[in-house]
Amino acid sequence: MSDVTKLIHEYLRHNKKFPHVFCAGCGHGIVLGSLVRSVHALQLQKDNVVIVAGIGCSGRMAAYVDFNTVHTAHGRALTFATGIKMANPELNVICVMGDGDALSIGGNHLIHAARRNIGVTALVLNNQIYGMTGGQCSPATPQGDMSMTSPFGSLEQPFDTVELAKAAGANFVARSTSFHANQLDKLMQQAIVHPGFSVLEALSPCPTQYGRKNKFRNVVDMYNWLKKNTVKVEKQKEGDTRIPTGVFQNLDRPGLEERYVELRQSLQAEE
Amino acid sequence: MAHRRRRKRKEIFAQGNEAVAQGALLAGCTFYAGYPITPSTEIMEIMAQRLPRTEDGVFLQMEDEIASMGAAIGASLTGRKAMTATSGPGFSLKQELIGYACMVEAPMVIVNVMRGGPSTGLPTSPAQGDVQMARWGTHGDHPIIVLSASTVPECLEMTVVAFNMAEKYRTPVILLIDEVTAHTREKISIPFEDELEVLSRMQPAVPPEWFKPYAEAARGVPAMAAIGQGYRCHVTGLTHDQMGYPTSRPDEVNEFMTRLFRKIDNYYHDVLIVDEYQLEDAEYAVVAYGCVARSAHHAVDQARARGHKVGLLTLKTLFPFARPAVEKLCMQCEHILVPEMNMGQISREVKRVNNGRTRIRTLNRVDGQIITPSEILKAIL
C-alpha cells in the first residue's frame, strides 16, 4: 500500500458519503492533504485533534477527516475553537477558515483570538473570492480584480492576512500556497505545535470562480501564477513586489489557556 | 438512632442577578462566556470572581455577544455546562448561534435580563419586550424552552431548572428576567447540594464504532459524546442525518426535524411550569410573569380582601406556552387579565388558546415603569 493510501485509510472518514465538494483544480484538497500529513508526522492522537471549520468551501473540509470535527457558523469558527480550547486545553484545536470567514464576517474574532493568544491554530485558506456562493468579491480580492459583485473591478484594497495577524499580536504567523506543498507541510507542523495563537495562510486557487473571471485560461495557469508571484521571505529583496511566503512572526508567549490554568492553581493554593 | 445535626441553609441578601449566578454554580455550570451589558452585567462579574476559584471553572470575556455564544457552545460540545447572560441588544446578536445550538442540540443556558427596547432603548429600565423574540428570534423553525422568574429566590430556582432542562432535552434554554427582578434585593437561602436535583446529559452507552450521534432515541434525545472522549463525531449546523453528516434527503430531513420538535413537545408535563394562586374558585383570573406577577399577586390579595373571586396564574415556563393551564382558566373564568410590560406578547398567546371562549383583557405598559398592584386592581374591579 502506498503512503498516500495508508493516510487515506487512516485519516479520512469511511462512513462519509464521498465525493467531496471541491471543484477540479481547487487548492483546498492540497491543504487538506497537508493537514492530514502534518497530523500524521506529529503523531497526534486522532481523538485529541479537533477541526473547527467555518462556512464556505473550506468549511466542508471538516466533514471528511476522522477527527473531532465541528462545522460552525459563518465567521464564528474561532469563537467555538476558543471555547473548546479553554474547556479542554489537552486538545489540539485547528480552525479551518476561508478568507471570507477569517477576514470579513469573522475579522473581529481573528484579531481578538490573536490578541488573547488562545492556543488554537488558525488555517486561513485564501482563494481571494467567495467560492461557494458563486464568486463574489471578498476582503482578500486584489484591487481591480473581477467578481460577480465587482463587475467593473474591485475598488477596495484587500487585507493582508499576515500583516493583520502580526499587528494583532498572533504568536506565530506564516504563509504558504497550495503550489508549495512541501513548504506548506513544514509550516503547518510548526503552526500546530507552536504554543499560543498561530495563523497560517494558505493561498489556494479557485479556478471555477476566481480564475474564470480574471483571465486565467486554465487551472495550470493559476498554479504557475502562484509559483511566479511568490518568493520566500528570506530571499525577498527590497522593491520585490511578489508575495512573500514563510514565517513572519515567531513569538514565545504562553497561550491563554496555559495562563488561565496557572491562575486557577494559584487561586486554589491561596484557599 | 444517630443524632442528626440540623443544618441551617446559608442565607444571603442578594439581587436577582446574584441569584442567577448562584443557581448556575449550584447546577454545575463550569463555563461562562459573556460580554458586558446593562442590566445583566452583575451575573458576569460574579462568574468572573467565582469560576476561577472552582476546580475546573472557566470564565471568558469575549469580544462580542456572538463570540460569547460561540465559546459557550464550543465548551458545551466538550461536555461542559455552559452559560452566557445578556440584555436586549446583546440578545439580538445572540440569535444567530441560538439557532446553531438548537440544530446541533447543544445544551446551554442563555439569560436575558430584559430592558426597554427597541434598539438601545432604556438600558436601565425594566421591560418585557423580548418574549416573542426569545421564542422566534433565530431563523428557521425550531423548538426552544423559555423560562422566567419573578422573584429573587425564583431566579436561583429557575436557573437550576434551566440547566436541568438544557441537559435533559439537549437544547438551549432561555431564562428571561427583567431589570426589576435582576436588581431587586431580597433574602435568599442557598440550598445544600444534596437538596437539589441536578441533571446531566446522557452519555453514550456503546463503543465509538457503534455510536450514532443523532440516532432516533426513545425520548427523542440522543446521547451526547464530548469532544476528546474518543467518539470523533461530526457536528454541523447543516441539517444532518443520524451520523451527523449533512443531508438534504427529504426523508432524513423530515425525520430529524420532527424528532427535534418531538423531544420537547412530548414532555409538556415536565417542561410547563406554572404557579396557581387562589384559582380554585376564581371567576376572574390574572395571567402574568416576571416582576408583573409580583404586582399581580398583591393585587389578587387586595381584591380577595374586598370579596372578589380573583386568582393568579404565574407563567414560569413561557414557551412552550402553558396551554393546558390557560385553557382551564378560559373555561372557568368570566374574565382574564394579562398585564405585561410590552404591547401584548403573551396576551396574544392567551387569546390564541382562548379561541373566543372568554373575555381577555390586556394591561400594557411600555414606559419603562413597572405595572403596580393598584393598576392591576383597578383593571380587575
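The structure presented is a predicted model; accordingly, all values stated were derived computationally and were not measured.

Criteria and thresholds
- Residues numbered from 1 in each chain as written.
- Chains lettered and ligands numbered in written order.
- Predicted model: local features only at pLDDT ≥ 70, side-chain atom pairs only at ≥ 80, totals over all residues.
- Heavy atoms only, no water.
- Helix = DSSP H or I, 4+ residues; strand = E, 2+ residues; numbered from the N terminus.
- Rg over C-alpha atoms; globule rule 2.2 N^0.38 Å.
- Buried < 20%, exposed > 50% of the residue type's maximum accessible area, 1.4 Å probe, protein only.
- Contact = heavy atoms within 4.5 Å.
- Areas by Shrake-Rupley, 256 points an atom, 1.4 Å probe, with all protein chains shown as cover.
- Lys, Arg positive; Asp, Glu negative; His and termini not counted.
- Charge placed at Lys NZ, Arg CZ, Asp CG, Glu CD.
- Pairing = 2+ DSSP bridges.
- Phe/Tyr/Trp six-rings, centres within 6.5 Å; stacked < 30°, edge-to-face > 60°.
- Lys NZ or Arg CZ within 6 Å of the ring centre and 35° of its normal.
- Axes fitted to C-alpha atoms, helices over the stretch in contact; angles between N-to-C directions.
- Salt bridge = Lys/Arg side-chain N within 4 Å of Asp/Glu carboxyl O.
- UniProt positions renumbered as here; feature names shortened; annotations may be inferred.
- Domains from an automatic or database assignment.
- Buried area = accessible area lost by both parts, 1.4 Å probe.
- Polar contact = N/O pair within 3.5 Å; in protein donor to acceptor, adjacent residues only side chain to side chain.
- Left-handed = near helix turned anticlockwise from the far one by under 90°.
- Nonpolar A, V, L, I, M, F, W, Y, C, P; charged D, E, K, R; others polar.
- pLDDT = per-residue confidence, 0-100.

*Asks:* Looking at this structure, I do not really get the overall build of chain B. What am I missing?
*Replies:* A tally of helices and strands in chain B yields 13 helices and 16 strands. Over its C-alpha atoms chain B spans a radius of gyration of 21 Å, differing by no more than 12% from the 21 Å that the globule rule assigns to 381 residues. In chain B, which comprises 381 residues, the proportion classed as buried is 60%. Of the contacts made within chain B by residues no fewer than 6 positions apart, 77% connect residues no fewer than 24 positions apart. Total accessible area on chain B is roughly 15100 Å²; 50% of this is exposed by carbon and sulfur atoms. Separation between the mean location of the 41 positive side-chain charges and that of the 43 negative ones in chain B comes to 4 Å.

*Asks:* Just checking my understanding: could you explain the pairing of strand 6 (residues 198-203) of chain A for this structure?
*Replies:* Regular strands show a simple pattern: their side chains alternate between the two faces of the sheet. Residues and elements named next belong to chain A. Burial analysis of strand 6 places six of its six residues in the buried class, which makes it a mostly covered element. The alternating pattern of strand 6 places Ser198, Leu200 and Ala202 on one face and Val199, Glu201 and Leu203 on the opposite face, and all of these are buried. By the bridge criterion, six bridges tie strand 4 (residues 120-126) to strand 6 in an arrangement that is parallel. Looking at the pairing, Asn126 lines up with Leu203 of strand 6. In this structure, strand 5 (residues 172-177) lies alongside strand 6, joined through six bridges in parallel fashion. Residue pairing for strand 6: Thr177 is matched across the bridge by Leu203.

*Asks:* Help me understand the packing of aromatic side chains, please; the structure alone is not making it clear to me.
*Replies:* Describing an aromatic ring pair means giving the distance of the ring centres and the angle of the ring planes. Counted by the stated rule, this structure contains nine aromatic pairs over all chains. Pairing A:Phe22 with A:Tyr64 gives two aromatic rings, centres 6.1 Å apart and planes at 80°, and the pair type is edge-to-face. Of the two residues, A:Phe22 is situated in the loop between helix 1 (3-11) and helix 2 (28-41) and A:Tyr64 in helix 3 (residues 61-64); the sequence distance between them amounts to 42 residues. Plain terms: the ring middles of A:Tyr210 and A:Phe216 are 6.3 Å apart, the flat faces sit at 40° to each other, and that makes the pair tilted. Each of the two residues, A:Tyr210 as well as A:Phe216, counts as buried. Taken together, A:Phe18, A:Phe22 and A:Tyr64 form an aromatic cluster joined through their ring pairs. Above the ring of B:Phe192, the side-chain terminus of B:Arg7 is found at 4.2 Å from the ring centroid.

*Asks:* Quick question: what am I supposed to make of the sheet that holds strand 16 (residues 359-364) of chain B here?
*Replies:* Strands belonging to one sheet form pairs held by backbone hydrogen bonds; the direction of such a pair is parallel or antiparallel. Residue and element names in this part refer to chain B. Taking strand neighbours across the sheet as the criterion, the five strands line up as 11-13-12-15-16 in an open arrangement whose pairing is mixed. Two strands in the sheet have a free side with no partner beyond their single neighbour: strand 11 (274-277) and strand 16. Going across the sheet, the axis of each strand differs from the next one's by a mean of 20°, ignoring polarity. Of the strand pairs in this sheet, strand 11 and strand 13 (residues 310-315) are connected by four bridges, and their pairing is antiparallel. When the bridges of strand 13 are listed, Tyr277 appears paired with Leu312. Across the sheet, helix 12 (residues 347-354) lies against strand 12 (284-288), strand 15 (335-340) and strand 16, angled at about 180° from strand 16, the strand it touches most.

*Asks:* How should I be thinking about the pattern of salt bridges in this particular structure?
*Replies:* Here the idea is simple: oppositely charged side chains can pair when their charged atoms come close. In total, this model carries 35 salt bridges over all chains according to the counting rule given. Residues A:Asp47 and B:Arg232 are paired through a salt bridge, measuring 2.7 Å at the closest nitrogen-oxygen approach. Here the residue A:Asp47 occupies a position in the loop between helix 2 and strand 1 (49-53), and B:Arg232 occupies one in the loop between strand 9 (185-190) and strand 10 (234-236), the pair thus bridging two chains. The partly exposed category is assigned to A:Asp47, whose relative accessible area is 25%. We note a salt bridge from B:Glu167 to B:Arg201, for which the minimum N-O separation is 2.9 Å. Placement of B:Glu167 in helix 6 (residues 152-169) and of B:Arg201 in the loop between strand 9 and strand 10 is noted, with a sequence separation of 34 residues between them.

*Asks:* Is there a simple way to think about the UniProt feature "domain: Thiamine pyrophosphate enzyme TPP-binding" (unreviewed entry) in chain A in this case?
*Replies:* Listed under "domain: Thiamine pyrophosphate enzyme TPP-binding" (unreviewed entry) in the UniProt record, and renumbered for this structure, are residues 55-201 of chain A. With 36% helix and 19% strand, the stretch residues 55-201 of chain A has end C-alpha atoms that lie 17 Å from each other.

*Asks:* Explain the domain arrangement of chain B here, please?
*Replies:* When the parts of a complex come together, some accessible area is lost, and that lost area is often used as the size of the interface. Residues and elements named next belong to chain B. One can read the domain layout of chain B as domain 1 (11-195) and domain 2 (275-380). A straight line from the C-alpha centre of domain 1 to that of domain 2 covers 26 Å. Counting residues at the interface gives 27 residues for domain 1, matched by 24 residues for domain 2. Summed over both partners, the interface of domain 1 with domain 2 comes to about 1900 Å²; 55% of that surface belongs to carbon and sulfur atoms. The interface formed by domain 1 and domain 2 includes two salt bridges. For Glu186, the salt bridge goes to Arg294, with nearest N and O atoms at 2.8 Å. Linking domain 1 with domain 2 are 14 residue pairs in polar contact (both at pLDDT 80 or more). Of all the secondary structure elements, the ones that give two or more residues to the side of domain 1 that touches domain 2 are strand 6 (122-126), helix 5 (131-136), strand 7 (145-148), helix 6, strand 8 (172-178) and helix 7 (179-183).

*Asks:* Got a minute to help me understand unusual backbone geometry in this structure?
*Replies:* Leaving glycine aside, a negative phi is the common case for residues, and trans is the common case for peptide bonds. Looking along the chain, the bond that leaves B:Thr38 and enters B:Pro39 is cis, with omega of 0°. Here the amide bond leading from B:Phe319 into B:Pro320 is cis, since omega sits at -5°, within 30 degrees of zero. Here B:Pro320 lies in the loop between strand 14 (317-319) and helix 11 (323-332). Although it is not a glycine, A:Gln128 adopts a positive phi angle of roughly 65°. The phi angle at B:Glu105 is positive, at roughly 55°, despite the residue not being glycine. Within the element layout of this structure, B:Glu105 appears in the loop between helix 4 (88-104) and strand 5 (108-116).

*Asks:* Honestly, the side chain of B:Glu154 in this entry has me stumped. Any pointers?
*Replies:* Residue and element names in this part refer to chain B. If you trace the backbone, Glu154 turns up in helix 6. The side chain of Glu154 is buried and forms no salt bridge, while Lys316, the nearest opposite charge, is found at 4.0 Å. At 2.9 Å, the side chain of Glu154 and the backbone nitrogen of Ser150 are in polar contact.

*Asks:* When you look at the packing of helix 1 (residues 16-26) of chain B against helix 6 of chain B in this model, what are you seeing that I'm missing?
*Replies:* What describes two packed helices is the angle between their axes and the distance between those same axes. Residues and elements named next belong to chain B. Two elements in contact, helix 1 and helix 6, have axes separated by 7 Å at closest approach and are oriented at 35°. Where helix 1 crosses over helix 6, the handedness of that crossing is right-handed. From helix 1, Gly16, Ala19, Val20, Gln22, Gly23, Ala24 and Leu26 reach across to helix 6, where they touch Val152, Cys155, Leu156, Thr159, Val160 and Phe163. Its residues assigned to classes, the contact of helix 1 with helix 6 comprises nine nonpolar, four polar and no charged.

*Asks:* Just to check I follow, could you spell out the confidence of the model for chain B for this structure?
*Replies:* Low pLDDT means the predicted atomic positions in that stretch should not be read closely. The pLDDT averaged across chain B works out to 96; a share of 99% of its residues lies at or above 70. Among the scores for the predicted complex, ipTM is 0.97 and pTM is 0.97.

*Asks:* How should the pairing of strand 1 of chain A be read in this particular structure?
*Replies:* All names here are of chain A. Extensive coverage of strand 1 is indicated by the burial of five of its five residues. Of the two faces of strand 1, the one carrying Val49, Ile51 and Ala53 and the one carrying Val50 and Val52 are both buried. The pairing of strand 1 with strand 2 (residues 68-71) spans four bridges and is classified as parallel. Each residue of the ladder has a partner; that of Ala53, found in strand 2, is His71.

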